[in-house]
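# Results of the structural survey
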Amino acid sequence: MDIATKTSVEISVKSLNLWFGKFQALKNINIGIQKNQVTALIGPSGCGKSTFIKTLDRMNDLVDNVKITGEVVYQGRNILDSDTDVVELRKQIGMVFQKPNPFPKSIFDNVAYGPRVHGVRKKQNLNEVVERSLKAAALWEEVKDRLNESALRLSGGQQQRLCIARLLAVEPDVLLMDEPASALDPIATSKIEDLIYELKNDYTIIIVTHNMQQAGRVATNTAFFYLGELVEYAPTIDLFERPQDKRTEDYVTGKFG
Amino acid sequence: MARTRYVRKLKELRQNVIDMGALTVRSVEDVLTAFELSDTALAERVIANDDAINNFDRKIEAQCMTLLALEQPMAKDLRMIATSLKMITDLERIGDFVVDIAEEIITMAKPIRIPVSASKFNELVADVKLMVVDSIETYASGNVQQARSFEARDDRIDFLFKSIVENMVNALAQSQCSTETVADVASLLFIIRYLERIADHAVNIGNRVCYMEEGDRRFLK
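Calculation criteria
Residues numbered from 1 in each chain as written. Chains lettered and ligands numbered in written order. Predicted model: local features only at pLDDT ≥ 70, side-chain atom pairs only at ≥ 80, totals over all residues. Heavy atoms only, no water. Helix = DSSP H or I, 4+ residues; strand = E, 2+ residues; numbered from the N terminus. Buried < 20%, exposed > 50% of the residue type's maximum accessible area, 1.4 Å probe, protein only. Pairing = 2+ DSSP bridges. Axes fitted to C-alpha atoms, helices over the stretch in contact; angles between N-to-C directions. Contact = heavy atoms within 4.5 Å. pLDDT = per-residue confidence, 0-100. Buried area = accessible area lost by both parts, 1.4 Å probe. Salt bridge = Lys/Arg side-chain N within 4 Å of Asp/Glu carboxyl O. Polar contact = N/O pair within 3.5 Å; in protein donor to acceptor, adjacent residues only side chain to side chain. Core = buried A, V, L, I, M, F, W, Y, C linked by side-chain atoms within 4.5 Å. Phe/Tyr/Trp six-rings, centres within 6.5 Å; stacked < 30°, edge-to-face > 60°.

### Details of unusual backbone geometry
- In the segment running from Lys110 of chain B into Pro111 of chain B, the intervening peptide bond is cis, with an omega of -10°.
- Structurally, Pro111 of chain B is set in the loop between helix 3 (75–107) and helix 4 (118–141).
- The phi torsion at Asn28 of chain A lies on the positive side, around 45°, for a residue other than glycine.
- Along the chain, Asn28 of chain A turns up in strand 2 (residues 23–34).
- On the basis of relative accessible area, Asn28 of chain A is assigned to the partly exposed category, the value being 45%.
- A positive phi angle is found at Leu227 of chain A, which is not glycine, with a value near 50°.
- Looking at the element boundaries, Leu227 of chain A is found in the loop between strand 9 (221–226) and strand 10 (229–235).
- The exposure class of Leu227 of chain A is exposed, given its relative accessible area of 52%.

### A look at the sheet that holds strand 2 of chain A
Residue and element names in this part refer to chain A.
- If you trace the four strands from one edge of the open sheet to the other, you get 2-1-4-5, paired in antiparallel fashion. What marks the edges here is a single partner per strand, and that holds for strand 2 and strand 5 (77–78).
- Looking at chain direction, strand 1 (residues 9–20) and strand 4 (residues 66–74) are connected through eight bridges and run antiparallel. When the sheet's bridge partners are listed, Ser12 is paired in strand 4 with Val73.

### Comments concerning the sheet that holds strand 6 (residues 93–96) of chain A
All names here are of chain A.
- As summarised here, the arrangement of the six strands in space is 6-7-8-3-9-10, forming an open sheet in which the pairing is mixed. Looking along the sheet, the strands with just one partner apiece sit at the ends: strand 6 and strand 10. Each neighbouring strand pair of the sheet contributes to a mean axis angle of 20°, computed without reference to strand direction.
- Pairing between strand 7 (residues 174–178) and strand 8 (residues 204–208): five bridges, direction parallel. Of the residues in strand 8, the one forming a bridge with Val174 is Thr204.
- The strands touched by helix 6 (residues 156–168) within the sheet are strand 6 and strand 7, with strand 6 carrying the most contacts at an inclination of about 170°.

### Re the confidence of the model for chain B
- Overall, the prediction assigns chain B a mean pLDDT of 94, with 98% of residues at 70 or greater.
- Across the predicted assembly, pTM comes out at 0.86 and ipTM at 0.79.

### Observations concerning the interface of chain B and chain A
- Contact residues are listed per partner, giving 15 residues for chain B and 14 residues for chain A.
- Interface area, chain B with chain A, both sides summed: about 1200 Å², of which 52% is carbon and sulfur.
- Inspection of the chain B/chain A interface yields two salt bridges.
- A salt bridge links Glu241 of chain A to Arg217 of chain B; the nearest nitrogen and oxygen atoms lie 2.6 Å apart.
- On the surface where chain B and chain A come into contact, there are eight residue pairs in polar contact (both at pLDDT 80 or more).
- Sorting the residues of the side of chain B that touches chain A by element identifies helix 1 (4–37) and helix 3 of chain B as the ones contributing at least two each.

### Thoughts on the nonpolar core
- Among the nonpolar cores identified, the biggest contains 61 residues, and Ile105, Leu195 and Ile198 of chain B are the most heavily contacted of them.
- Elements represented by at least two residues in this core include exactly helix 1, helix 2 (40–71), helix 3, helix 4, helix 6 (150–174) and helix 7 (179–214) of chain B.
- Sorting elements by how many residues they give to this core places helix 7 of chain B first, with 13 residues.
- If near-sequence neighbours (up to four positions away) are discounted, Ile105 of chain B is found in contact with Val31, Ala34, Phe35, Ala43, Lys110, Ile112 and Ile191 of chain B.
- Residues Val129, Ala215, Val231 and Leu239 of chain A belong to the second largest nonpolar core, which totals 50 residues.

### Things to note about the packing of aromatic side chains
All names here are of chain A.
- Evaluated as defined, the whole model comprises seven aromatic pairs over all chains.
- On the numbers, 6.2 Å between centres and 10° between planes, the contact of Phe224 with Tyr226 is stacked.
- When its relative accessible area of 0% is taken as the criterion, Phe224 is described as buried.
- The class for Tyr226 is partly exposed, based on a relative accessible area of 23%.

Structure below.
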């Protein structure tokens, strides 16, 4: 696991353990997420990968009976500390979910929502941020003439890119994506993948995916989770071509069971 | 075990490569027997048998492409398919060199005589034959240690090749050879050159087996 030494680390996770009641969902996770790279998390259902990324923006706080130990160091601070400003944290580390979840508002208002919450009021400023965010999410050309239409009238792939634009509007550093293309057809999926590849120039991206080819296409590094453990973390090509752990080998070759 | 159909297809691929290897080994052995016995008829049969090796090449390539396109192989499976895909080219080339040797045998005066010390020549022939046999064996067994010995064994073959060439050139220079003899010596030079190239392909196979087993790309030079 020599990845962390190659470029600067955006998020450093140390000895992270997480329990839901008596069930331990994450076991002693240590990982350095590289800045301005795409990191893919793979593993069978229930292996802890979604729980892991939810920990990175404190979304597990919403679950009853959750207990977390260890550190998630971001910008020099352990974000698991009780005095962390969670609203501010989620502005810096945003999440895109499996199913696109636009607000039942116009396209414009969806993207302007975050900046408005954070105090941007001037119409011109909002116009600028909406255009910039939609362009960054590769959606501007498709919607620029109908910004006042309901977001719910967009296709699934467009809705997902709108959700990414909504995230970008609050200028985060890190984008967490939990199977962002699993509900989309191959063309919409490839647009999201191209977008992810472009966005890594400006953002650190962590993507949970069940699609190993997708991890191969977009991710610089890939982490394999199994039964709550981080089994292997390596450059994606190494993990898929010459995994070191037999469990990784069995999973990526589809021979589990 | 999951993906039973896929696993079966991988086993079929591996077996086909081994079968193609066995056919190539037999071809090498036969052509060297034809040389030893000055057997033109056997040399002609060897040439005819090359089609079977070429057919294997196309069949295995198609199998590899189907697996790559439809099954998204990973890790050792991916390396095995990539190794097989490249290795069949080595085997096919060995088959072509065997044909080249057979064609030289057919044109040479019988019985074939070697105008230099036979011991080095016989050593070269035996070493090349064993290298080809061992290269297929390493693929089948995954014996990386054996595969790694090929480079050193090839150095010995290269040394023998150069030494025999030098002896033949000297023999030609010092004797009053007839045109026919000169032509046979030229044929012999071609034959040992083909044998030396066959050994190079066996080394390639050994390197690919190291990659297949351990994923180490440094061996793919």
